[in-house]
Amino acid sequence: MLRIKVFQNGLTRIYMTKSFKLGSGKNEFYNFLEAATNVDLGYKKIIAFEDVVTNTTVFVSPIACLIEIEEVANE
């Protein structure tokens, strides 16, 4: 599970997600970095994931904010 902190316009949002379990990488952290790299290379414009706390789908543009991620144990 990943804890994603998004800092944008003076606000901090904290999300918990398991959306990056499936992917070409060996762990969720790698899969998230792959999604961020795809934005950097211009293949995509946003990173999408589901927040397990609120059960909502979140779309984040990494161009307009600062994103901090960390792996956490399933809570």
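The rules behind each value
Positions within a chain are numbered from 1, following the residues in the order the chain's sequence is written. For a predicted model such as this one, the threshold for reporting local features is a pLDDT of at least 70, and the threshold for listing and counting side-chain atom pairs is 80 or more; totals across whole chains, interfaces and linings nevertheless cover every residue. Values shown for side chains rest on all heavy atoms present in the structure; no hydrogens or waters enter the calculation. A run of H or I in DSSP becomes a helix once it reaches four residues, and a run of E becomes a strand once it reaches two; helices and strands are each numbered from the N terminus. Our radius of gyration looks at C-alpha atoms and nothing else; its globule reference is 2.2 Å times the residue count to the power 0.38. A 1.4 Å probe rolled over the protein chains alone gives each residue an accessible area, and that area as a share of the maximum for its type sets the label: buried under 20%, exposed over 50%, partly exposed in between. Pairs of strands are assigned from DSSP output, requiring at least two bridges between the strands. Residue types Ala, Val, Leu, Ile, Met, Phe, Trp, Tyr and Cys, when buried and joined through side-chain atoms within 4.5 Å, form a set referred to as a nonpolar core. Any two residues whose heavy atoms approach within 4.5 Å at even a single point are treated as in contact.

Asks: So what's going on with the overall build of the protein chain? Residues and values would help.
Replies: Helix and strand counts for the protein chain come out as one helix and five strands. The order of helices and strands in the protein chain, counted from the N terminus, is β-β-α-β-β-β. Against the 2.2 N^0.38 benchmark of 11 Å for 75 residues, the protein chain shows a C-alpha radius of gyration of 12 Å, consistent with a compact globule. Principal-axis analysis of the C-alpha atoms gives the protein chain an extent of 30 × 30 × 20 Å. Residue burial in the protein chain is summarised as follows: out of 75 residues, 29% are buried.

Asks: Help me get a handle on the pairing of strand S2 (residues 11–17), residues and values and all.
Replies: Sheet topology places strand S1 (residues 2–8) next to S2; seven bridges connect them, and they run antiparallel. Note on S2: the bridge partner recorded for Arg3 is Met16.

Asks: Account for the nonpolar core, with residues named and values stated.
Replies: With 14 residues, the main nonpolar core has Ile4, Phe20, Phe32, Ile47 and Phe49 as its most contacted residues. Taken together, the elements giving at least two residues each to this core come down to S1, helix H1 (28–40), strand S3 (47–51) and strand S4 (56–60). Each residue touching Phe20, except ones within four places of it in the same chain, is listed here: Leu2, Ile4, Asn27, Glu28, Asn31, Phe32, Ala35, Ile47, Ala48 and Phe49.

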